[in-house]
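Listed below are the residues making up each chain.
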Amino acid sequence: MPGFEIFGDEERQQVQDVLDTGVLFRYGFEEKRQGHFKAAEFEQKLCEITGSRHAHLCSSGTAALCTALAACGVGAGDEVIIPPFTFVASFEAVIQVGATPVFCDIDETLCLDPDSLHGVISERARAVVPVHMCGSMARIDEIKAVCDQNGLLLIEDACQSLGATFKGKSLGTFGQAGCFSFDAVKTVTCGEGGGLITDSQEIYLKADQYADHGHDHLGGPDRGADGHPIIGTNFRISELNAAVGLAQLGKLDQIVAIQRKNKQAIKDAMIGLDGVTFRYLPDPTGDSATFLSFFLEDETRTREVAKALADNGVGCPYWYDNNWHYLRKWHHLKQLNGAGKLPFELTGQAPDYQNLELTASDDIMKRCLSMQIMLSWSDEEIENRIKAVLKAFKG
Ligand SMILES: *Cc1c(COP(=O)(O)O)cnc(C)c1O
């Protein structure tokens, strides 16, 4: 997830365009901006890359998720099904729009398991938000089929997986909307930023309004003349951030190609290592290759290998112990520690997050390690890395 690794002259030039005019804002100032519309250009480029009809940029991936949920009509009283292996933003966004997160097990794709969905769909279920974790994909065609059968909205959290495809189609394009993040650790960075894509004109217009206080953007040069068809909020991106991302988007193909090459070298070296199996990739050719995720036999062995890898200078995240990416450590959610009362507490419908049974997810996460793939590795560094991994396994 290396956008931060490649900040260069292209990014500086894009930002300079914005600084030269002083128009740091995406809306208004038509005369002063000298034809620069960085956010709008970014959106157009995101459409080209993903093959989606519409895109709308937001101030973060979390804001994009909230906007997508709101624009799809998800709100108070609705349940939204999400996986327990994700970033906390997934449940935050659901709560933000007044809905209730409901957890569904993952499978060896490290993403939401379509076979487990049936067990968690209640009468109040409204949407499924699978998360394409660590650069690769869920069994998205099967998830879509379950959504269609049950009349559920499908909103993909592809925040970590820009540039990844399933059977040639960009992640984020399988349901009503898809979301991306451009924060500090993602494949492409804006500094801070996010975006949603959709083929629906209606969802796009709602998103465009929602993320800008409900502005319909029909009032012409005077923003004060805009109408406000819906209640919105401010999730606007700044032109400065969009400018950085625009330069980065131009490098996406190159980024993904390097990640794939670096990942393949290490994966090839690890094939056949005692007890190692790899994350299941429903379409290996579509992997954006930000991480190499693999499994060991059991928790004890995984902890042993994690320590050996770290001791040899090639530490890999053990998500099972991670505060931010797996439900096990989300004590703030389990204890319903909102800044104030959470929406679902009002109706007495707060789910019991303390006693969730997610045995299948626990079993998978206990045995999983992920190596982050960097762009900046030289051939020599990759060779040394492979040596260190092999040494760690020999113990
Ligand atoms: C990063 C991330 C987000 C949120 O993105 P921000 O831009 O940091 O708000 C949401 N979901 C997942 C899976 C992420 O990794």
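The structure this text deals with has already been given above.
### Topic: the site of the ligand
Argument step 1. Near the ligand lie 15 residues; those nearest to it are Gly 61, Thr 62, Ser 181, Asp 183 and Lys 186.
Argument step 2. A distance of 2.6 Å separates an oxygen atom of the ligand from a polar atom in the side chain of Asp 183.
Argument step 3. Considering the ligand on its own, with 380 Å² of exposed area, one finds that the protein chains cover 94% of that surface.
Argument step 4. Ranked by the residues each element gives to the shell around the ligand, the list is headed by helix α3 (residues 61–71), at 3 residues.

### Structural notes on the sheet that holds strand β11 (residues 291–295)
Argument step 1. What the 3 strands build is an open sheet, ordered β10-β11-β12; its pairing is antiparallel. The open sheet is flanked by β10 (277–278) and β12 (368–372), the only strands paired with a single partner.
Argument step 2. Bridge analysis of β11 against β12 gives 5 bridges, and the strand direction is antiparallel. Among the inter-strand pairings, Ser 293 is bridged to a residue of β12, identified as Ser 370.
Argument step 3. Together, β11 and β12 form the strand contacts of helix α10 (residues 299–311), whose direction differs from that of β12 by roughly 25 degrees.

### Side note on the packing of α3 against helix α7 (residues 201–210)
Helix packing for two helices is described by the angle between their axes and how far apart those axes are.
Argument step 1. For the pair α3 and α7, interaxial distance at closest approach is 8 Å and the crossing angle is 125 degrees. By the angle class used here, α3 and α7 are oblique. When the axes of α3 and α7 are compared, the crossing they make is right-handed. Here Cys 66, Thr 67, Ala 70 and Ala 71 of α3 come into contact with α7, specifically with Ile 203, Lys 206, Ala 207 and Tyr 210.
Argument step 2. Residue classes in the contact of α3 with α7 are distributed as 6 nonpolar, 1 polar and 1 charged.

### A look at the side chain of Ser 60
Argument step 1. By secondary structure assignment, the location of Ser 60 is in the loop between β1 (54–58) and α3.
Argument step 2. At a separation of 3.3 Å, a polar atom in the side chain of Ser 60 contacts the main-chain amide nitrogen of Thr 62.
Argument step 3. Setting aside anything within four residues of it in sequence, one finds Ser 60 in contact with Gly 193 and Gly 194.

### Let's talk about empty space enclosed by the protein
Over the atoms rolls a probe the size of a water molecule, and in doing so it shows where empty space is left.
Argument step 1. For the structure shown, the criterion picks out 1 cavity of 30 Å³ or more.
Argument step 2. Reported here for the largest cavity is a volume of approximately 40 Å³.
Argument step 3. Lys 263, Lys 267, Phe 278, Arg 279, Leu 281, Leu 292 and Ser 293 together form the lining of the largest cavity.
Argument step 4. Considered class by class, the residues forming the lining of the largest cavity number 3 nonpolar, 1 polar and 3 charged.

### As for the packing of aromatic side chains
Argument step 1. Evaluated as defined, the whole model comprises 13 aromatic pairs.
Argument step 2. For the ring pair Phe 291 and Trp 319, a centre distance of 5.8 Å and an interplane angle of 65 degrees mean the geometry is edge-to-face. Within this pair, whereas Phe 291 is found in strand β11, its partner Trp 319 is found in the loop between α10 and α11 (331–334), the two being separated by 28 residues in sequence.
Argument step 3. Judged by relative accessible area, Phe 291 falls into the buried class, the value being 4%.
Argument step 4. Members of the aromatic cluster, connected to one another through ring pairs, are Phe 91, Phe 103, Trp 330, Phe 344 and Tyr 353.
Argument step 5. The ring of Phe 174 carries the charged tip of Lys 169 above its face, separated from the ring centre by 5.1 Å.

### Some details on α7
Argument step 1. Buried within α7 are the following residues: Ile 203, Ala 207, Asp 208, Gln 209 and Tyr 210.
Argument step 2. Packing partners of the buried residues in α7 comprise β1, α3 and β9 (194–198).

### Side note on unusual backbone geometry
Negative phi is the rule for most residues except glycine; trans is the rule for most peptide bonds.
Argument step 1. The phi dihedral of His 217 is positive, around 60 degrees, even though this residue is not glycine.
Argument step 2. Within the secondary structure, His 217 sits in the loop between α7 and α8 (239–249).
Argument step 3. In this model, Leu 336 sits at a positive phi of 55 degrees, which is unusual for a non-glycine residue.
Argument step 4. On the secondary structure map, Leu 336 appears in the loop between α11 and α12 (343–346).

### Re the side chain of Asp 216
Argument step 1. Relative to the helices and strands, Asp 216 is located in the loop between α7 and α8.
Argument step 2. Here Asp 216 is buried and forms no salt bridge, its nearest opposite-charge partner Arg 223 lying at an N-O distance of 8.7 Å.

Reading the values: the criteria
Residues numbered from 1 in each chain as written. Predicted model: local features only at pLDDT ≥ 70, side-chain atom pairs only at ≥ 80, totals over all residues. Heavy atoms only, no water. Near = heavy atom within 4 Å. Polar contact = N/O pair within 3.5 Å; in protein donor to acceptor, adjacent residues only side chain to side chain. Areas by Shrake-Rupley, 256 points an atom, 1.4 Å probe, with all protein chains shown as cover. Helix = DSSP H or I, 4+ residues; strand = E, 2+ residues; numbered from the N terminus. Pairing = 2+ DSSP bridges. Contact = heavy atoms within 4.5 Å. Axes fitted to C-alpha atoms, helices over the stretch in contact; angles between N-to-C directions. Parallel < 35°, antiparallel > 145°, perpendicular 65-115°, else oblique. Left-handed = near helix turned anticlockwise from the far one by under 90°. Nonpolar A, V, L, I, M, F, W, Y, C, P; charged D, E, K, R; others polar. 1 Å grid on protein atoms, 1.4 Å probe; cavity = no way out; pocket = protein on both sides within 12 Å on 5 of 7 lines; lining within 4 Å. Points joined across faces, edges and corners; volume = space filled by probe spheres on them. Phe/Tyr/Trp six-rings, centres within 6.5 Å; stacked < 30°, edge-to-face > 60°. Buried < 20%, exposed > 50% of the residue type's maximum accessible area, 1.4 Å probe, protein only. Lys NZ or Arg CZ within 6 Å of the ring centre and 35° of its normal. Lys, Arg positive; Asp, Glu negative; His and termini not counted. Salt bridge = Lys/Arg side-chain N within 4 Å of Asp/Glu carboxyl O.

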